[in-house]
Amino acid sequence: PTRPQPFTLLSVEKHNLAQQKFRQEVEEEEQARAEHSAFHALPLPRTHIDPVEIYPRPKALTQVTNKELASEKRAKVRASFDQQVLEKYASMEMQHALEEAERAHVEAIETRELRKTMVHKARNVPNFSNPFQVHHPDSSHLTVPLSPAFSTRGRVAARSMR
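Residues numbered from 1 in each chain as written. Predicted model: local features only at pLDDT ≥ 70, side-chain atom pairs only at ≥ 80, totals over all residues. Heavy atoms only, no water.

Draft legend 1. A look at a nonpolar patch on the surface. A cluster of nonpolar residues, Phe7, Leu9 and Val12, forms a patch on the protein surface that exposes about 320 Å² of accessible area. Position of leucine 9 relative to the elements: it lies in the segment before helix H1 (10-37). (Patch = residues over 30% accessible without salt bridge, like charges linked within 9 Å, V, L, I, M, F, W, Y side chains within 5 Å. Areas by Shrake-Rupley, 256 points an atom, 1.4 Å probe, with all protein chains shown as cover. Salt bridge = Lys/Arg side-chain N within 4 Å of Asp/Glu carboxyl O. Helix = DSSP H or I, 4+ residues; strand = E, 2+ residues; numbered from the N terminus.)

Draft legend 2. Region of interest: a negative patch on the surface. On the surface, a cluster of negative charge is made up of Glu25, Glu27, Glu28, Glu29 and Glu30. Among the structural elements, glutamate 27 can be located in helix H1. (Lys, Arg positive; Asp, Glu negative; His and termini not counted. Charge placed at Lys NZ, Arg CZ, Asp CG, Glu CD.)

Draft legend 3. Inspection of the pattern of salt bridges at higher detail. Summed over all chains, the structure comprises three salt bridges. Linking lysine 76 and glutamate 68 is a salt bridge whose minimum nitrogen-to-oxygen distance equals 3.6 Å. A salt bridge links glutamate 100 to arginine 103; the shortest N-O distance between them is 2.6 Å. Placement of the pair is glutamate 100 and arginine 103 together in helix H2 (residues 70-117), with a separation of three residues, close to one helical turn. According to the relative accessible area criterion, arginine 103 is partly exposed, its value standing at 44%. (Buried < 20%, exposed > 50% of the residue type's maximum accessible area, 1.4 Å probe, protein only.)

Put into structure tokens, the structure is as follows:
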């Protein structure tokens, strides 16, 4: 009987080497990325600045005074204006309410008077003994009809020339 013997292909070895090399490159890239992203402060610049000298000023220090700002003045004026507008609207609404109440009162009185005048009154019973009786309440004469004058001189002359 034939016994199988273990063997290794060259392609498997190459594959393992390539994988190992790839992993190593990935690790190196990650290390480089980490080093690159780490914070590195720059050193202080070397400058030659003379120390600041403090000397007394010839002028006196500024005195703080209370001044009325234009915005504060404007705010006061605006507040008074707003108050006047509110009062005006309130008076207009009150006047409107009074007019509406007066109008409703007058309408109620008119309705009451109208209902008093609308009393039902029965009509006379018609006379059924002579139902087709002609009733002439007017004693004046009827209108006398006149023939319309449609003819004009031009038409009359044109007719006569025919």
